[in-house]
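So you can see what is in the structure, the chains are spelled out below.
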Amino acid sequence: MSSNTRSTSDAQQQTALTIDPIIYEQPTILVHSTAIPNMEIDLKLIVYSRARVVKWLSIIDMTFLTISLVLYALNGAFFWIFLPMFLFCFCGYKGATTYQKNLVIIYDIYLFGMTIFYFYIALYSKSFFWFLFVFLEFYFFYYTSRLIQYLNSIPEDIIESLRSGWNPSEITYFYY
């Protein structure tokens, strides 16, 4: 088994060419580029910014649920439905803070349910105001679903880096 190795070094890229006629039918080319760490930083930045937005969305949802609970309690009515809804929002906050996909999925289920709820209210009330809520809730559902997709697709070492406190030098918010 003979092996011929030829490598060239450039400031941007390093290429190694290995040919072994007994094992390989054609040459194998390995390309190592410096663009990969930049892609890793971009992925970290996207997940970091999306998680921050989802965290704030869940805080806003918990605030409105608390206000609704207090208003219902002052009117003499108490609905137990607010407790599970508050827990769903808390799961979203905790999942976005610790980058745990399963907790963010629970919050995404809550957002999907609220989208359907507002859609039914909008159909029966026939008011443009409620359709605005449907649009906003659907957008929040879509945004959170994209965070889940990114958490599924990135390697575990990037998630561990984010959990250990990685902080970008400047924050970019992604709205799509």
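Brief notes about the overall build of the protein chain
A count of helical and extended segments in the protein chain gives five helices and three strands. Starting at the N terminus and walking to the C terminus, you meet the elements of the protein chain as β-β-β-α-α-α-α-α. Across the protein chain, the fraction of contacts at a sequence separation of at least 24, relative to all contacts at a separation of at least 6, is 58%.

Some thoughts on the layout of surface pockets
By rolling a water-sized probe across the atoms, one finds the places where empty space is left. Quantified by volume, the largest pocket comes out at close to 640 Å³. The wall of the largest pocket is formed by 23 residues, among which Phe-64, Ser-68, Tyr-110, Met-114 and Tyr-118 lie closest to the centre. Listed by contribution, the elements that provide at least two residues to the lining of the largest pocket are α1 (35-74), α2 (82-98), α3 (101-125) and α4 (128-153). Partitioning the lining of the largest pocket into residue classes produces 19 nonpolar, two polar and two charged.

Re a nonpolar patch on the surface
Residues Phe-112, Ile-116, Phe-119, Tyr-120, Leu-123, Tyr-124, Phe-128, Phe-131, Leu-132, Phe-135 and Leu-136 make up a contiguous nonpolar surface patch of roughly 1200 Å² in combined accessible area. Broken down by secondary-structure element, the contributors of at least two residues to the nonpolar patch are α3 and α4. Counting residues per element, the nonpolar patch draws most heavily on α3, at six residues.

So, helix α5 (residues 156-163)
Three or more residues of α5 are buried, namely Ile-158, Ile-159, Ser-161 and Leu-162. The buried residues of α5 occupy an angular sector of 160° when projected down its axis, which confines them to one face. Following α5 by one or two positions, Gly-165 has its phi on the positive side, about 110°.

Some remarks on the nonpolar core
Of all hydrophobic cores here, the largest spans 31 residues; its most connected members are Val-47, Tyr-99, Tyr-107, Tyr-110, Leu-147 and Leu-151. Of all the elements in the fold, those that place two or more residues in this core are α1, α2, α3, α4 and α5. Ranked by residues supplied to this core, first place goes to α1 with eight residues. Contact partners of Tyr-110, with chain neighbours within four places excluded, come to Asp-61, Leu-65, Met-85, Phe-88 and Cys-89.

Quick word on α4
Each α-helix turn comprises 3.6 residues. Residues three or four places apart therefore point the same way. With 26 residues, α4 should reach 38 Å at 1.5 Å per residue; the first-to-last C-alpha distance of 38 Å fits that figure. Those residues of α4 that sit buried are Val-134, Glu-137, Phe-141, Tyr-143, Thr-144, Ser-145, Leu-147, Ile-148, Tyr-150 and Leu-151. Its side-chain oxygen 3.3 Å from the backbone nitrogen of Phe-129, Ser-127 forms the N-cap of α4.

Here we look at the environment of Leu-111
The topology assignment puts Leu-111 in helix α3. Its relative accessible area of 0% is what places Leu-111 among the buried residues. C-alpha separation for the pair Leu-111 and Cys-89, spaced 22 residues apart in sequence, amounts to 9.0 Å. Discounting chain neighbours no more than four positions away, the residues touching Leu-111 are Asp-61, Glu-137, Phe-140, Phe-141 and Thr-144.

A few points about the packing of aromatic side chains
Scanning all chains against the criterion turns up 15 aromatic pairs. Residues Phe-90 and Tyr-93 carry aromatic rings whose centres are separated by 6.3 Å and whose planes lie at 35° to one another, so their mutual orientation is tilted. Pair noted here: Phe-90 and Tyr-93 are both in helix α2, with a separation of three residues, about one helical turn. Owing to a relative accessible area of 27%, Tyr-93 belongs among the partly exposed residues under this scheme. Pairwise contacts between aromatic rings join Phe-117, Tyr-118, Phe-129, Trp-130 and Phe-133 into one cluster. In this structure, Arg-50 packs its charged tip against the face of Tyr-143, placed 4.4 Å from the ring centre.

Parameters at a glance
Residues numbered from 1 in each chain as written. Predicted model: local features only at pLDDT ≥ 70, side-chain atom pairs only at ≥ 80, totals over all residues. Heavy atoms only, no water. Helix = DSSP H or I, 4+ residues; strand = E, 2+ residues; numbered from the N terminus. Contact = heavy atoms within 4.5 Å. 1 Å grid on protein atoms, 1.4 Å probe; cavity = no way out; pocket = protein on both sides within 12 Å on 5 of 7 lines; lining within 4 Å. Points joined across faces, edges and corners; volume = space filled by probe spheres on them. Nonpolar A, V, L, I, M, F, W, Y, C, P; charged D, E, K, R; others polar. Patch = residues over 30% accessible without salt bridge, like charges linked within 9 Å, V, L, I, M, F, W, Y side chains within 5 Å. Areas by Shrake-Rupley, 256 points an atom, 1.4 Å probe, with all protein chains shown as cover. Salt bridge = Lys/Arg side-chain N within 4 Å of Asp/Glu carboxyl O. Buried < 20%, exposed > 50% of the residue type's maximum accessible area, 1.4 Å probe, protein only. Arc of directions from axis to C-beta. Core = buried A, V, L, I, M, F, W, Y, C linked by side-chain atoms within 4.5 Å. Expected span 1.5 Å × (residues − 1). Polar contact = N/O pair within 3.5 Å; in protein donor to acceptor, adjacent residues only side chain to side chain. Phe/Tyr/Trp six-rings, centres within 6.5 Å; stacked < 30°, edge-to-face > 60°. Lys NZ or Arg CZ within 6 Å of the ring centre and 35° of its normal.

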